[in-house]
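Remarks on the overall topology
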Amino acid sequence: MRVQFLKGVGPRMASIFGARDIFTLKDLLYFFPRKYEDRSQLSLVKNLSEGNSASVELTVHQAFMRPLRGRFSKLFEVKAFDQEKQWISLKWFRIFKGFEAKFEPGTKIIATGAIKAFGSIREMIHPEIQFDLEDDVNVGRIVPVYTEIDGVPTKTLRRILDTALNLGVPALKEELPSFFLKRHRLPPLPAAIREVHFPSENHSKGNGSDFTSFKSPAHQRLIYEEFFKFEYHMLSRRMDLKKEQGHALDSEKLKKSMDLLRSKLPFTLTKGQEATLQEISKDVVESHPMNRLLQGDVGAGKTAVAFVSALAFMDQGYQVAFMAPTEILAEQHFQNILKVFGADVPAKLLVGKTTNAERKLIQGLLDENRPALIIGTHALIEDPVKFKNLGYVIIDEQHRFGVDQRRKLREKSMIQPHTLVMTATPIPRTLALTAYGDLAVSLIRERPPGRTPIQTKLVRGPEHGKMIEFIKAELRAGRQAYFIFPLVNDSEEESFKHLKSAVTSAETLANEVFPEFKVGLLHGQLPPADKAKIMERFRSNEVQILVSTTVVEVGVDVPNATIMVIEHPERFGLSQLHQLRGRIGRGKHASTCFLKTDRPQHLPTPERLEVMCETEDGFLIAEADLELRGPGEFLGTRQSGALPFKIASLVRDQEWLIKAREDVLELLKQDPELKSADSKPFKTYLENSGKLDSAHLKTS
Ligand code: ADP
Ligand code: MG
């Protein structure tokens, strides 16, 4: 049934719901509360202790506005008493128009908030007030709080949901295999849905805390359900890929190629690099396409793995596409591979600035069906270049691309190529299982030997001089430095006015601070040819100081650079800071990263910056980042659509994700065709939702 036909919902409200992707009665039932307020326990004033939160039923005695000196100009105060005539004071520094008029002396209210003690007087600052004490949906119980929908008052929303539940719940059918529900002692779907919207008596009268923290059986059931469906989708897709026909490499030849290529490298591969090459070797001799994620912290040496495996494919006549997120990076890879493996490697660069003549040449090479390595940016996808024999796709810095782009590149060939995606943003385990759940994972844990750890220091105004002296000494010793700014140009905009920009600062640094050294300027608005030129001059140490925006964030590799100064580090996310810092600490000399904050001394250091100073471990940083920002932000806008969770939280509910994943694997193994009576509800769910199109079900 469509929401529009629900009592109390007309066409207008239906279109408001529609904008929220709520179309059917069922969608509405799955519009879960964002949080709860426990109004089930009413306290007495005498029992309130400082720091706790509580709800108190009160009678208003007096309400008045008081002028204040200082930051807030006014204070609105309500004096009220409870049934034992104990006093409490409620205070607001900001109120809506007309709010004060509601506190007529004698009015009965329920105030909910944190308790403070002011001398012997208890008070609440900015408490939430309920005026309508007869309202049994909103008072005296655990109350659901929904994400606000403009144009639908909260109380209306609760009433609509009440109607929807009465109508919709009896029609709900179980959707999960009963075996797993029993295993985890989870309640059936209809009961769980009802319960999370309007908790039963049981929760409303005490022991509500596991309920309000989403830990009640009803919550766990729905969280598990979301993860279960999601993991099923991911893992069955992975199984489908295994059924798909791919290019199988000759394993003898592969081994020989790899041995030879390895010997051409200027270093010995680390254990992690070797293990990854082994994993790739094992996959690509199979006749179905590989789909592998290579995870390795910045500087772990992922490129070498990519090169060796790419060239091994070419040894067997295949064409290879290697996609990087920026031109600078594509160019760097291109130069590197020629440097390490010789100028006769048939590698070509395909980026925005590539001329038409060169493009024709590339197409010609591909048309001849000869082995080739095309290194490029997303131009690789957009360009009409056609591969004749695309055997292998490598995507560097995968987190910079969408899941879609991965697919598009693979679709450049009739037969699915093997795919290796690499990322330097270490993905927390939970995300690796979700956003990247259809991929097999390789991990490079250690860094190449001989690196010295990076020291990270927070620099405030007064320490600036000392920092400059330190940098000068390093530069005189032959090292190089990055200066990173959040803006290209100075900005007039209010919220950016105080920020230093790359362009202006490059001038100052060159003329006033470091006159004896050469300063280069790099930012995204420069023409590609200029960017390449600047990078080249920095790489060859013609330029000692590179002033840049975050365009150097990914991949850039200049081992002689040992200093990084990041201006306004509070403007950057944690993962971004870690990426930036990864530009240094790549050679044998000790490196230092300065986070130059203009935050006054008395303000606490933002947590992010503290994390940066404490650890270099990309996995710890990624976990912290996930906690601080949540998965949507963490993955970036390009990928947030990859996570369709309505009630489950990757941070809070990790254990359920793991359980669901294990269960799905078990199901795919025990009953891949969903034939058992136990699996029936799930099969019906898949059929009804149009999700039963997995090849592994069709083919068997
Ligand atoms: P990332 O994993 O961040 O892409 P790179 O592939 O750019 O890292 O490698 C970082 C640096 O480490 C490069 O200068 C590379 O030449 C060097 N490197 C890679 N592997 C090794 C190794 N096994 N021993 C020594 N140096 C290595
Ligand atoms: Mg890299």
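Keep in mind that what you see is a predicted model, and the values were worked out from it rather than measured.

Criteria and cut-off values
- Residues numbered from 1 in each chain as written.
- Chains lettered and ligands numbered in written order.
- Predicted model: local features only at pLDDT ≥ 70, side-chain atom pairs only at ≥ 80, totals over all residues.
- Heavy atoms only, no water.
- Near = heavy atom within 4 Å.
- Polar contact = N/O pair within 3.5 Å; in protein donor to acceptor, adjacent residues only side chain to side chain.
- Areas by Shrake-Rupley, 256 points an atom, 1.4 Å probe, with all protein chains shown as cover.
- Nonpolar A, V, L, I, M, F, W, Y, C, P; charged D, E, K, R; others polar.
- Axes fitted to C-alpha atoms, helices over the stretch in contact; angles between N-to-C directions.
- Helix = DSSP H or I, 4+ residues; strand = E, 2+ residues; numbered from the N terminus.
- Parallel < 35°, antiparallel > 145°, perpendicular 65-115°, else oblique.
- Left-handed = near helix turned anticlockwise from the far one by under 90°.
- Contact = heavy atoms within 4.5 Å.
- Buried < 20%, exposed > 50% of the residue type's maximum accessible area, 1.4 Å probe, protein only.
- Pairing = 2+ DSSP bridges.
- Salt bridge = Lys/Arg side-chain N within 4 Å of Asp/Glu carboxyl O.
- Domains from an automatic or database assignment.
- Buried area = accessible area lost by both parts, 1.4 Å probe.
- Right-handed = clockwise from strand over helix to strand, strands pointing away.
- pLDDT = per-residue confidence, 0-100.
- 1 Å grid on protein atoms, 1.4 Å probe; cavity = no way out; pocket = protein on both sides within 12 Å on 5 of 7 lines; lining within 4 Å.
- Points joined across faces, edges and corners; volume = space filled by probe spheres on them.

1. Concerning the site of ligand 1
- Among the 16 residues in the neighbourhood of ligand 1, the closest are listed as G299, K302, T303, R451 and D557.
- Here Q273 contributes a side-chain N or O atom positioned 2.9 Å from a nitrogen atom of ligand 1.
- G299 is positioned such that a nitrogen or oxygen atom in its backbone is 2.6 Å from an oxygen atom of ligand 1.
- Computed on the free molecule, ligand 1 has an accessible area of 560 Å², of which 84% lies beneath the protein chains in the complex.
- Residue composition of the shell around ligand 1, grouped by class: five nonpolar, six polar and five charged.

2. Notes on the packing of helix 8 (residues 217–243) against helix 26 (residues 680–688)
- Where helix 8 contacts helix 26, the axes come no closer than 13 Å and their chain directions differ by 70°. Viewed along their axes, helix 8 and helix 26 adopt a mutual orientation that is roughly perpendicular. Every pair of crossing elements has a handedness; the one defined by helix 8 and helix 26 is right-handed. Contact with helix 8, carried on its side by F228, K229 and Y232, involves F682, Y685 and L686 of helix 26 and no other residues of that element.
- Residue composition of the contact of helix 8 with helix 26, by class: five nonpolar, no polar and one charged.

3. So, the environment of I149
- Tracing the backbone through its elements, the reader meets I149 in the loop between strand 9 (142–145) and helix 3 (154–168).
- Accessibility expressed as a relative area gives 5% for I149, which makes it buried.
- The spacing of I149 and I16 is 133 residues in sequence and 7.8 Å in space, taken between C-alpha atoms.
- Aside from chain neighbours lying at most four places away, what touches I149 is I16, F17, R20 and F31.

4. Quick notes on the environment of F594
- Position of F594 relative to the elements: it lies in strand 22 (residues 591–596).
- When its relative accessible area of 4% is taken as the criterion, F594 is described as buried.
- Excluding its chain neighbours within four sequence positions, the residues that come into contact with F594 are K457, V459, M467, F470, I471, I563, M564, V565 and I566.

5. So, the sheet that holds strand 18 (residues 480–484)
- Strands sit in the order 17-22-21-18-20-19 across an open sheet of six strands; the sheet is parallel. Either end of the sheet is taken by a strand with one partner, and the two such strands are strand 17 (454–459) and strand 19 (519–522). Averaged over all pairs of adjacent strands, the angle between strand axes in this sheet comes to 15°, irrespective of strand direction.
- Sheet topology places strand 19 next to strand 20 (residues 545–548); four bridges connect them, and they run parallel. Bridging across to strand 20, L521 finds its partner in V547.
- Strand contacts of helix 18 (residues 502–513): strand 18, strand 19 and strand 20, with the helix running at about 175° to strand 19, the strand carrying the most contacts.

6. With respect to the pattern of salt bridges
- In the structure shown here, the tally under the stated rule is 31 salt bridges.
- The closest approach of N and O atoms between R221 and E174, which form a salt bridge, is 2.8 Å. Linking R221 in helix 8 with E174 in the loop between helix 3 and helix 4 (178–183), this pair joins segments that are 47 residues apart in sequence.
- A relative accessible area of 0% places R221 in the buried class.
- Residue classification places E174 among the partly exposed positions, given a relative accessible area of 23%.

7. Description of the domain arrangement of the chain
- Taken domain by domain, the chain comprises domain 1 (3–169 + 187–204), domain 2 (251–444) and domain 3 (454–615).
- Computed over C-alpha atoms only, the centres of domain 2 and domain 3 are separated by 30 Å.
- With 17 residues of domain 2 at the contact, the number on the domain 3 side is 20 residues.
- Note on domain 2 versus domain 3: buried area summed over both sides is about 1400 Å², and carbon and sulfur give 56% of it.
- Residue classes in the side of domain 2 that touches domain 3 are distributed as five nonpolar, six polar and six charged.

8. Brief notes about the pairing of strand 13 (residues 372–376)
- Burial within strand 13 is extensive, with five of its five residues counted as buried.
- Pairing analysis gives five bridges linking strand 11 (residues 319–323) to strand 13, with the strands arranged parallel. Within strand 13, the residue paired with M323 across the bridge is G376.
- Traced from strand 12 (residues 347–350) through helix 13 (residues 356–367) to strand 13, the parallel crossover comes out right-handed.

9. What to know about the confidence of the model for the chain
- A residue-level look at the chain finds 92% of positions with pLDDT of 70 or above and a mean pLDDT of 86.
- Long-range and interchain partners of residues 637–641, a stretch whose pLDDT sits below 50, account for 10 contacts in this model, where long-range means more than four residues apart.
- Overall, residues 693–700 carries pLDDT values under 50, and its contacts beyond four positions in sequence, including any with other chains, amount to 17 contacts.

10. Section: the sheet that holds strand 12
- Read from one edge to the other, the open sheet built from seven strands follows the order 12-13-11-14-15-10-16, with strand pairing classed as parallel. Edge positions in the sheet fall to strand 12 and strand 16 (440–444), since each has one partner strand and no second. When the angles between neighbouring strand axes are averaged without regard to direction, this sheet yields 20°.
- As paired elements, strand 10 (residues 291–296) and strand 15 (residues 418–423) share five bridges and run parallel to each other. Bridge assignment links N291 to a residue of strand 15, and that residue is T419.
- Against the sheet, helix 10 (residues 271–284) touches strand 10, strand 14 (390–395), strand 15 and strand 16, its axis set at about 160° to strand 16.
- Where helix 12 (residues 327–341) meets the sheet, its contacts fall on strand 11, strand 12 and strand 13, and the angle it forms with strand 12 comes to roughly 170°.

11. Structural notes on the pairing of strand 6 (residues 108–118)
- Inspection of the sheet shows strand 3 (residues 53–67) paired to strand 6 by seven bridges, in the antiparallel sense. Paired with S53 across the two strands is A114, which belongs to strand 6.
- Two elements, strand 6 and strand 8 (residues 128–130), share three bridges in a ladder whose sense is antiparallel. Bridge assignment links T112 to a residue of strand 8, and that residue is E128.

12. A few points about empty space enclosed by the protein
- Counted according to the given criterion, the structure contains four cavities of 30 Å³ or more.
- Estimated volume of the largest cavity: approximately 50 Å³.
- If you go around the largest cavity, the residues you meet are I328, E331, Q335, K531, A532, M535, E536 and R539.
- Secondary structure elements with two or more residues in the lining of the largest cavity: helix 12 and helix 19 (528–539).
- Top contributing element to the lining of the largest cavity by residue count: helix 19, with five residues.
- Residue assignment places the lining of the largest cavity across two domains, with domain 2 (251–444) and domain 3 (454–615) each supplying three or more.

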